[in-house]
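Notes for the structure review
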Amino acid sequence: MLEVAIIGASGYTGGELLRFLDVHGEVEVVAATSRQYADTPIRKVHPHLHDLDLKFTDKSPSDLDVDMVFTATPHGASMSIVPQLVEKGVKVVDLSGDYRFDDIGIYEKWYGLKHEQPLDAVYGLPEMYREEIKKANLVANPGCYPTGAILAGIPLVKEGLADILIADSKSGVSGAGIKPTPATHYPNISDNIVPYAVTTHRHMPEIQEKLGKFGDVRVSFTPHLVPVIRGIITTLHSFPNREVSSEEIMELYKKQYHDETFVRVLDAGEIPRLSSVRGSNFCHVGCFEIDENGRLVVVTAIDNLVKGASGAAVANMNLMCGFPETMSLEGCGLHP
């Protein structure tokens, strides 16, 4: 059995990691760390994991004797943890933004942090880097917004159809994390849609850098907070540089994602739904509609806590450790 630890296991992503790993036939979670909840049974914080016989621990990373670690830690914290784990020969999937960028200068600009310990990491989007992930010791899990936007944009950029993409994304409140804030307070978010970091969100350069691997493209991105718990809908706008039909675009996406288990391409005109992917590791991509001004609209739906975070991390672990990529992640969404 692969012995696994989760550092920072008390948050939403930690809970989702525990949910998937608990039913994984090749994995045993031997440590789930939390300073705040040390010695507290997991079920007291994650009530849906009532049968998980494990308590939170306050072990330091250097005291973890395991094969694999997930670092579900805040941006800036991972860089002080990950290097010592990698040096010990432990495989790591980092869910923070600390190792996602090729250019450390971009990270430091957009996150406002000095990166003290840069390391080479593979960007953990299997639809881009599956073979590299299989050989990696450190994988940087993608951001939730970038996952939906990148998967929406790859076929267009790769085919050279669009050099400007505008991503309008709407996320459920769980994306803001488990700690309540004024922005997530029920009276403030209920019956409301709130654009934020309208032109300055730190996920924009991540989308830009990764889509730039497929061709010259400029990306603009605006996120919105919406009064749902889970899910991200991304509406991607572009103006193709030649005349195309909805059916042609649909076929382009079907070709790109034909062998991708976790990307489902819908029919032209069919709109992805959050409820269709809720709780699952699937991305649904669809719409493919074109207006009279030549604007192409592509829509993706993901669960921000699963395909946008913990499900993707488990898929990366599976690839890194030689398990089937889909192991423990086969479940479909929870519609309605």
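Structural notes, computed from the coordinates. As the structure is a computational prediction, the values presented were derived from the model and not from experiment.

Thresholds, definitions, all that
- Residues numbered from 1 in each chain as written.
- Predicted model: local features only at pLDDT ≥ 70, side-chain atom pairs only at ≥ 80, totals over all residues.
- Heavy atoms only, no water.
- Pairing = 2+ DSSP bridges.
- Helix = DSSP H or I, 4+ residues; strand = E, 2+ residues; numbered from the N terminus.
- Contact = heavy atoms within 4.5 Å.
- Axes fitted to C-alpha atoms, helices over the stretch in contact; angles between N-to-C directions.
- Phe/Tyr/Trp six-rings, centres within 6.5 Å; stacked < 30°, edge-to-face > 60°.
- Buried < 20%, exposed > 50% of the residue type's maximum accessible area, 1.4 Å probe, protein only.
- Lys NZ or Arg CZ within 6 Å of the ring centre and 35° of its normal.

Below, the discussion takes up the sheet that holds strand E5 (residues 122-123). The strands that make up a sheet pair up through hydrogen bonds in the backbone, lying either parallel or antiparallel. On the basis of which strands lie adjacent, the open sheet formed by six strands has the order E2-E1-E3-E4-E6-E5 and parallel pairing. Edge positions in the open sheet fall to strand E2 (27-33) and E5, since each of these has one partner strand only. Here two bridges tie E5 to strand E6 (residues 138-140), and the two strands are oriented parallel to one another. Within the sheet, the bridge partner assigned to Tyr 123 lies in E6 and is Ala 140. The strands touched by helix H1 (residues 12-21) within the sheet are strand E1 (2-7), E2 and strand E3 (68-71), with E1 carrying the most contacts at an inclination of about 165 degrees. This element, helix H11 (residues 306-320), spans E1, E2, E3, strand E4 (91-94) and E6 of the sheet and lies at about 160 degrees to E4.

Scanning the model with the defined rule gives seven aromatic pairs in all. Here Tyr 253 and Tyr 257 contribute two aromatic rings whose centre-to-centre distance is 6.4 Å and whose plane-to-plane angle is 45 degrees, an arrangement assigned as tilted. Of the two residues, Tyr 253 and Tyr 257, neither departs from the other in class, the shared state being buried. Residues Tyr 253 and Phe 288 carry aromatic rings whose centres are separated by 5.0 Å and whose planes lie at 45 degrees to one another, so their mutual orientation is tilted. One end of the pair, Tyr 253, is in helix H9 (residues 246-256); the other, Phe 288, is in strand E12 (residues 283-290), with 35 residues separating them in the sequence. Aromatic rings pair up to connect Phe 101, Tyr 107 and Tyr 111 into one cluster. Taking the ring centre of Phe 20 as reference, the NZ or CZ of Arg 19 above it sits at 4.4 Å. Here Lys 210 stacks its cationic end above the ring of Tyr 123, 4.4 Å away from the centre of that ring.

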